[in-house]
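# Residue-level structural notes
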Amino acid sequence: MVGMITVGAAIPIACGNGSTGPELRTVRVLAVGVARQDVSPQDPLEGFLVFFYDLQADSLLTADARVLETSGIPVDTIAVATPLVAGFVPGVVYVQGANVLSGATYRLAATLTIGGSPVEILSEPVTVPAVFEIEVPDRHAIGDSLTVNWEPTPDASSINVSAGSGFTVDVPAAQTGVTIPPDAFAGLVAGAMLEIEVTAYNQFYIPLAGGIASLSDAEAFAERLRPVENIDGADGAGGAFGAATTVGRVVTLE
C-alpha cells in the first residue's frame, strides 16, 4: 500500500511539558514513473516521466529526482544517473527526454522534502522490452472495428493498446492482438489520420495525459497501483515505476 510518513510541519504546537515543538502530521506519498522507449511515427515521447503526489494535501510534491541506469552491473551500483527537471505540464511533473534502450535496466531514485524532513525513495529495477513489429491497415472505414496485431513480446509483462481518439486497453503479454470497436472512431471524419500505439511494458505503464488525468481521483489511482507497487522509501513512500516500449502506426480513416 502507499506509504505513511510522519513528519514535522512548520507550525509549532504546545507539548505536554509546556514547551513547543513541531506539529506532526502523517503524509501519504504516491510516487509514479515510467522509462519509455518510443518508436512511434508521430510525436514520439521517449524518455522519463515521474511525479510525486501527497494524497492528503492533494498536491504534487517537488523532489530531487533521477533515473539510474544499472544495465550489466549489480543493480545497487549506479552506472548513469539522469537528473529530472520539471516538465511542460501544469504542476510539478518531471519529464526528461532521453535515449531509452531495449534491454536497459533502470531505477527511479528521489529525495523528497516534506515538512522540512528528507524522504528517500528507490524503485526496484525494471527492464525495457525489445522493439517489436505491429500490423495495422493503412486505411480504415470509420464505421468498422479495427484489428491490431503484433509480434509476441516474451520480455514484457503486459501490453497497452491505444488510439489517438482516446481508446485504451491493457491485455496480458501473451496476447498478440486487439480489436478496436467502431465507437472508438466516433466524431472523426473521413481523411483524418489516427495513430495506433502498442506498448509492451514491465511492471507499470501509463501515458502522460492519462497519468495527469488520474490525479483527479488520486485515491482510486493509488488503489489501482497496489498490485504493482515496486517503490519503497525508508520512511514509507510507495508507488510504481515501469519500463515500456511503444510502437505506433498511422491509419487514414475513410
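Structure shown above.
Residues numbered from 1 in each chain as written. Predicted model: local features only at pLDDT ≥ 70, side-chain atom pairs only at ≥ 80, totals over all residues. Heavy atoms only, no water.

Across the two faces of strand S13 (residues 146-150) the burial differs, with Leu146, Val148 and Trp150 buried and Thr147 and Asn149 not buried at all. When strand S11 (residues 134-135) meets S13, the two strands line up antiparallel, connected through two bridges. Note on S13: the bridge partner recorded for glutamate 135 is asparagine 149. Sheet topology note: the S13/strand S16 (residues 177-180) ladder contains four bridges and is antiparallel. Each bridged residue has a counterpart across the sheet, and for threonine 147 the counterpart in S16 is threonine 179. (Buried < 20%, exposed > 50% of the residue type's maximum accessible area, 1.4 Å probe, protein only. Helix = DSSP H or I, 4+ residues; strand = E, 2+ residues; numbered from the N terminus. Pairing = 2+ DSSP bridges.)

Strand pairing in a sheet takes place through backbone hydrogen bonds and is either antiparallel or parallel in direction. What the three strands build is an open sheet, ordered S11-S13-S16; its pairing is antiparallel. Two strands lie at the open edges of the sheet, namely S11 and S16, each paired on one side alone.

Let us look at the nonpolar core. If you look at the biggest cluster of nonpolar residues, it comprises 25 residues, and the most contacted ones within it are Phe52, Tyr106, Leu112, Ile121 and Phe241. Those elements that provide at least two residues to this core are strand S2 (20-38), strand S3 (47-54), strand S5 (63-69), strand S8 (105-114), strand S9 (117-123) and strand S19 (238-253). Sorting elements by how many residues they give to this core places S8 first, with five residues. Those residues within four positions of leucine 112 in sequence are excluded, and the remaining contacts are Val29, Phe52, Leu61, Thr62, Ala63, Ser117, Pro118 and Val119. Residues Val136, Ile142, Ala156 and Ala163 belong to the second largest nonpolar core, which totals 24 residues. (Core = buried A, V, L, I, M, F, W, Y, C linked by side-chain atoms within 4.5 Å. Contact = heavy atoms within 4.5 Å.)

Looking at helix H2 (residues 218-225), one finds that the buried residues are Ala218, Phe221, Ala222 and Leu225. For H2, the angular spread of the buried residues around the axis is 100°, confining them to a single face. (Arc of directions from axis to C-beta.)

A few words on the environment of serine 162. Tracing the backbone through its elements, the reader meets serine 162 in strand S14 (residues 158-163). Residue classification places serine 162 among the buried positions, given a relative accessible area of 14%. Taking the C-alpha atoms as reference points, serine 162 and alanine 184, separated by 22 residues in sequence, lie 10.0 Å from one another. If we ignore the near neighbours within four places in the chain, the residues touching serine 162 are Phe167, Thr168, Glu195, Ile196 and Glu197.

With that out of the way, let us pick up the environment of glutamate 124. Structurally, glutamate 124 is set in the loop between S9 and strand S10 (126-127). For glutamate 124 and asparagine 230, which are 106 residues apart along the polypeptide, the C-alpha to C-alpha distance reads 5.6 Å. With residues up to four places along the chain from it excluded, the contact list for glutamate 124 reads Tyr106, Arg107 and Asn230.

In this section: the side chain of threonine 199. In this fold, threonine 199 is placed in strand S17 (residues 193-202). Relative accessible area serves as the criterion here: at 1%, threonine 199 is assigned to the buried category. One polar contact links threonine 199 to threonine 246, side chain to side chain, over a distance of 2.7 Å. Not counting the four nearest positions on each side in its chain, threonine 199 is found in contact with Ser158, Ile159, Asn160, Tyr205, Ala244, Thr245 and Thr246. (Polar contact = N/O pair within 3.5 Å; in protein donor to acceptor, adjacent residues only side chain to side chain.)

With that out of the way, let us pick up the packing of aromatic side chains. Counted according to the given criterion, the structure contains two aromatic pairs. Relative to tyrosine 106, the ring of phenylalanine 48 has its centre 5.6 Å away and its plane inclined at 65°; by these criteria the two rings are edge-to-face. Here phenylalanine 48, found in strand S3, pairs with tyrosine 106, found in strand S8; they are 58 residues apart in sequence, far enough to count as distant. Summarising the burial analysis for this pair, phenylalanine 48 and tyrosine 106 share the class buried. Between tyrosine 201 and tyrosine 205 the ring centres are 5.9 Å apart and the planes differ by 35°, which places this aromatic pair in the tilted class. Residues tyrosine 201 and tyrosine 205 agree in their burial class; the two are buried. (Phe/Tyr/Trp six-rings, centres within 6.5 Å; stacked < 30°, edge-to-face > 60°.)

Interpretation in functional terms is not warranted from these geometric data alone.
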